[in-house]
Structures are given as C-alpha cells and as structure tokens.
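# Report on the structure
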Amino acid sequence: MSDTKQAVKPQLDQQPLPPPKQYGVFLLNDDYTPMDFVVMLLVDVFRLPENLAEAVMLQVHHEGKGLCGVYQKDIADTKHQQVQNLARQAGHPLLCTVEEV
Ligand code: TYC
C-alpha cells in the first residue's frame with residue numbers, strides 16, 4: 001500500500017514577503033475637547049505613559065496634529081474607531097486620522 005501523505009515542500013525559491021505596511025494614528029486639534037480627556041485617551045487607547053501622553057496632547061494643541069502610535073492597518077483602524085467612539089460618547093468633537101507612514 002502506498003503512503004498517500006504529501007510531503008510539505010519548503011518554498012525556498014520564493015521571495016520573502018514584503019514587510020506589512022505601517023499606519024500612523026494621528027490626533028487633530030480642536031478648540032473644545034478638554035485636555036484631560038485627550039490625555040486619558042492617549043493613556044487608555046494608545047498605552048502611552050502619562051508624561052508622554054501629556055507631551056503628545058500639548059504637541060497637538062500647539063501644532064494642530066500629533067502622532068499617537070504606528071500599527072498595522074487593522075489595529076490602526078481599531079484604535080481610530082475606539083477614539084471616535086469614546087469622544088462621541090463623551091460629546092467631544094475630537095478627530096483622528098489613519099495615514100500610511
Ligand atoms: N485644544 C484643546 C483645548 O484647548 C485640547 C486638545 C488637544 C484638543 C488635543 C484636541 O487632539 C486634541 N481644550
């Protein structure tokens with residue numbers, strides 16, 4: 001009786017996959033969202049330490065935009081959705097964007 005199991009052949013002749021694209025999640029400034037709320041988001045959603053969260057919040061406040069974190073697309077989209085959901089629930093107009101970096 002022949003052995004019907006197929007040998008798994010390593011695909012050594014194939015090129016390695018390119019690294020996955022990376023996406024930055026950016027916060028945008030507005031005149032209404034409280035600073036404390038933005039710092040809380042940066043700590044809770046992006047896991048930044050408190051001092052860095054405050055620095056990012058102030059950068060957004062002064063320069064209009066700031067990078068919160070860099071992720072693969074699905075994770076960046078999830079963070080974006082979490083920010084928008086938390087902001088809307090709290091009644092703030094905070095906006096964030098996802099951009100390939
Ligand atoms: N500019 C806001 C204020 O003065 C604070 C703020 C910071 C809002 C960062 C949004 O992404 C933001 N209350």
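Scroll up to find the structure this text is about.
What you are looking at is a predicted structure, and each value in this text was computed from that prediction instead of being measured.

## A closer look at the overall build of the protein
Across its full length, the protein carries three helices and three strands. The order of α-helices and β-strands along the protein, N terminus first, is β-α-α-β-α-β. Relative to its full complement of 101 residues, the protein shows a buried share of 31%. Taking contacts inside the protein between residues at least 6 apart in sequence as the whole, the part at least 24 apart equals 71%. Of the roughly 7300 Å² of accessible surface on the protein, 55% is carried by carbon and sulfur atoms.

## What to know about the sheet that holds strand 3 (residues 95-100)
The strands making up a sheet associate through backbone hydrogen bonding, with each pair oriented either parallel or antiparallel. Strand order in the open sheet formed by three strands is 2-1-3, and the pairing between neighbours is antiparallel. Bordering the open sheet on either side are strand 2 (65-71) and strand 3, each of which pairs with just one other strand. The mean angle between the axes of side-by-side strands here comes to 25°, regardless of whether they run parallel or antiparallel. Pairing analysis gives six bridges linking strand 1 (residues 23-28) to strand 3, with the strands arranged antiparallel. Looking across to strand 3, one finds that V25 is bridged to V98. Here helix 3 (residues 73-90) sits on the sheet and contacts strand 1, strand 2 and strand 3; the angle it forms with strand 3, its principal contact strand, is near 170°.

## A closer look at the site of the ligand
Within the structure, the ligand sits among L27, L28, N29, D30, T33, M35, V38, M57, V60, H61 and L94. Take T33: an N or O atom from its main chain is 2.9 Å from a nitrogen atom of the ligand. Against a free-state accessible area of 340 Å², the protein chains account for coverage of 89% of the ligand. Among the secondary structure elements, those contributing two or more residues to the shell around the ligand are strand 1, helix 1 (35-44) and helix 2 (50-63). Tallying contributions element by element places helix 2 first for the shell around the ligand, with three residues. In the shell around the ligand, the residues fall into seven nonpolar, three polar and one charged.

## Section: the side chain of H92
Relative to the helices and strands, H92 is located in the loop between helix 3 and strand 3. Using a relative accessible area of 18% as the deciding quantity, one classes H92 as buried. In contact with H92, other than residues within four places in its own chain, are T33, P34, F37 and A87.

So, how was this worked out
Residues numbered from 1 in each chain as written. Predicted model: local features only at pLDDT ≥ 70, side-chain atom pairs only at ≥ 80, totals over all residues. Heavy atoms only, no water. Helix = DSSP H or I, 4+ residues; strand = E, 2+ residues; numbered from the N terminus. Buried < 20%, exposed > 50% of the residue type's maximum accessible area, 1.4 Å probe, protein only. Contact = heavy atoms within 4.5 Å. Areas by Shrake-Rupley, 256 points an atom, 1.4 Å probe, with all protein chains shown as cover. Pairing = 2+ DSSP bridges. Axes fitted to C-alpha atoms, helices over the stretch in contact; angles between N-to-C directions. Near = heavy atom within 4 Å. Polar contact = N/O pair within 3.5 Å; in protein donor to acceptor, adjacent residues only side chain to side chain. Nonpolar A, V, L, I, M, F, W, Y, C, P; charged D, E, K, R; others polar.

Note that every value here comes from positions in space, so none of it alone points to a role or purpose.
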